[in-house]
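# Reading the structure
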Amino acid sequence: MPFYLEYTANQHAEIRSAVDGSDLQEALVRAVGAVREAGCRTALLRFSLEPSRTFGGGGVVAGYTETAGWEIPERA
């Protein structure tokens, strides 16, 4: 699974977790639920062809802020 959700919740350390999804839309649906449960203010959904546990690894395919919601960059 090449999608990863990264966020900081409740002032805790940066969290990176794998997100199931065969494509961006499916991964985004799962990321929406995870962000809601975590109650985070910002998050990034990343894509990486290779499995990666490194925070910041992979390209950003969607971003979330508490004020604007989810946004998908034009290049994604």
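In this report, we go over the structure that sits alongside the text. (Residues numbered from 1 in each chain as written. Predicted model: local features only at pLDDT ≥ 70, side-chain atom pairs only at ≥ 80, totals over all residues. Heavy atoms only, no water.)

### Things to note about the side chain of Arg-16
Formally: Helix numbering and strand numbering both begin at the N terminus, where a helix is a DSSP run of H or I of at least 4 residues and a strand a DSSP run of E of at least 2. With a 1.4 Å probe rolled over the protein chains alone, any residue whose accessible area is under 20% of its type maximum counts as buried; one over 50% counts as exposed, and the rest are partly exposed. Throughout this description, a polar contact denotes any pair of N or O atoms lying within 3.5 Å of each other; where both atoms belong to protein, one of them has to be capable of donating a hydrogen while the other can accept it, and for residues adjacent in sequence the pair is counted only when both atoms sit in side chains.
When you line up the elements, Arg-16 lands in strand E2 (residues 15-19). Overall, the relative accessible area of 17% leaves Arg-16 in the buried class. From its side chain, Arg-16 meets the backbone oxygen of Gly-57 in a polar contact 3.1 Å long.

### Things to note about the packing of aromatic side chains
Heads up, the condition is: Pairing of aromatic side chains here covers Phe, Tyr and the six-membered ring of Trp, requires ring centres within 6.5 Å, and sorts the geometry by plane angle: under 30 degrees stacked, over 60 edge-to-face, intermediate tilted. Note on geometry: a ring has a charge over it if NZ (lysine) or CZ (arginine) is within 6 Å of the ring centre and within 35 degrees of the ring normal.
For the structure on display, the rule yields two aromatic pairs. Look at Tyr-64 and Trp-70: their rings are 5.4 Å apart centre to centre, the planes differ by 45°, and that puts the pair in the tilted class. Residue class for Tyr-64 comes out buried when judged on its relative accessible area of 17%. Assessed through its relative accessible area of 22%, Trp-70 is described here as partly exposed. Over the ring of Tyr-4 we find Arg-16, and its NZ or CZ is 4.2 Å from the ring centre.

### A few points about the environment of Gly-58
Stated precisely, the cut-off is as follows: What makes two residues a contact is simply this: any of their non-hydrogen atoms within 4.5 Å.
Inspection of the secondary structure assignment puts Gly-58 in the loop between strand E3 (42-47) and strand E4 (59-65). When its relative accessible area of 33% is taken as the criterion, Gly-58 is described as partly exposed. Each C-alpha atom, one on Gly-58 and one on Ala-34, is 19 Å from the other, the two residues being 24 residues apart in sequence. With near-sequence residues (within four places) excluded, Gly-58 lies in contact with Arg-46, Phe-47 and Ser-48.

### Some words on the pattern of salt bridges
Here is the rule: Think of a salt bridge as a Lys or Arg side-chain nitrogen and an Asp or Glu carboxyl oxygen that are within 4 Å of each other.
Applying the stated rule across the entire model yields four salt bridges. A salt bridge links Glu-26 to Arg-30, with the shortest nitrogen-to-oxygen separation between them at 3.4 Å. With Glu-26 and Arg-30 both in helix H1 (residues 24-38), this residue pair falls four residues apart, about one helical turn. One salt-bridge network, in which partners are shared between bridges, spans Glu-6, Arg-16 and Arg-46.

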